Amino acid sequence: MPTLIYLIGFMGSGKSTLGHILANVLGFDFVDLDDVLEERLGRPIWEYFQVEGEEAFRKAEHALVEETIVLKNTVVAAGGGAFLVDANRDLMRENGLTVYLRLSVSLLVTRLSSSRHRPLLFGDDGVTLSGEALRERIERLLAERTPYYEEADVIVDIDTGPIGSAVDRLEAEIQAWEKKPG
Ligand code: S3P
C-alpha cells in the first residue's frame, strides 16, 4: 500500500468525506488541505478569494502542497484546483499516489446545488449560481480541468451508489495499482 495518497477531483466530488473514511479503513492520518488553509489564512476560503484574489490563494495552497510531500501513512484531500497547477501536480505525482474521483456533470450539479461557500461557483453578485447557470459553470470548468485530473495515477468513478461501495472500490483500485508491473 502506498504511504501517501492524494485524492483529487472537482469540487463536490467527495474528496473530504471519502478521504476521511479511507484513512480510517487504512489506519492512516487524514489531512484536508482546505481546512488547513482556512486555519492558516484565518478566514473562510471564499472570503480570502474575494479579498486577496485567487492568485494569493494559489500561492498559499502551493506552499502547503510542498509541505505535504514528507507525510507518511496519510490520505490528503486536495482542493479542486490544486492539481491544475503544474508544480503541485508534479509534487503530488512524484511523492504520492494520486487518485482522481470522477463524477458526471449531472451528479456534480446535484451535489453542488446546495453549496454556498465555493467562490468559483459564485455569480457576479457574489451569490452561488443556480439552475442552468450553475450547470454551465460546472460544465465549463470540468471540461477545462479534466485533462489535468486524468493525469492522476488512478481514476475511480463515483456514482450515486452507497458510500461504502465507493470506499471499497477506492481501496481495490489502489491495491490493483500497487500490483501493476512497472
Ligand atoms: C477550488 C476548490 C475548493 C477550494 C477553492 C478552490 C477549485 O475546494 O480549494 O474554493 O479551484 O476547484 P473543494 O474542491 O474541496 O471544494
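Before reading on, note that the structure itself is shown above.
Just so you know, these numbers come straight off a predicted model, no measurement behind them.

**Quick notes on helix α3 (residues 45–52)**
If you check which residues of α3 are buried, you get Ile45, Tyr48 and Phe49. Down the axis of α3, the smallest arc covering the buried residues is 100°, so these residues share one side. Buried residues belonging to α3 abut α2 (33–41) and α4 (54–68). Note on α3: the residue one or two positions beyond its end, glycine 53, has a positive phi of about 95°.

**A look at the pairing of strand β4 (residues 97–102)**
Most of β4 sits inside the fold, with five of its six residues counted as buried. In this sheet, β4 lies alongside strand β1 (residues 4–8) in parallel orientation, the contact comprising four bridges. Bridging from a neighbouring strand, isoleucine 8 pairs with tyrosine 100 of β4. As paired strands, β4 and strand β5 (residues 154–157) are joined by four bridges and run parallel to one another. Bridging from a neighbouring strand, tyrosine 100 pairs with isoleucine 155 of β5.

**Re helix α5 (residues 86–95)**
For α5, the full list of buried residues reads Asn88, Arg89, Leu91 and Met92. Taken around the axis of α5, the buried residues stretch over an arc of 165°, which confines them to a single face. Buried positions along α5 lie against β1, α4, β4 and α7 (131–149).

**Focus: the site of the ligand**
Neighbouring the ligand are 13 residues, the closest being Lys15, Asp34, Arg58, Arg118 and Arg145. Separating an oxygen atom of the ligand from a side-chain N or O atom of lysine 15 is a distance of 2.7 Å. Glycine 80 places a main-chain nitrogen or oxygen 2.8 Å from an oxygen atom of the ligand. Compared with its free state, where it exposes 380 Å², the ligand has 93% of that area covered by protein.

What counts, and where the lines are drawn
Residues numbered from 1 in each chain as written. Predicted model: local features only at pLDDT ≥ 70, side-chain atom pairs only at ≥ 80, totals over all residues. Heavy atoms only, no water. Buried < 20%, exposed > 50% of the residue type's maximum accessible area, 1.4 Å probe, protein only. Helix = DSSP H or I, 4+ residues; strand = E, 2+ residues; numbered from the N terminus. Arc of directions from axis to C-beta. Contact = heavy atoms within 4.5 Å. Pairing = 2+ DSSP bridges. Near = heavy atom within 4 Å. Polar contact = N/O pair within 3.5 Å; in protein donor to acceptor, adjacent residues only side chain to side chain. Areas by Shrake-Rupley, 256 points an atom, 1.4 Å probe, with all protein chains shown as cover.

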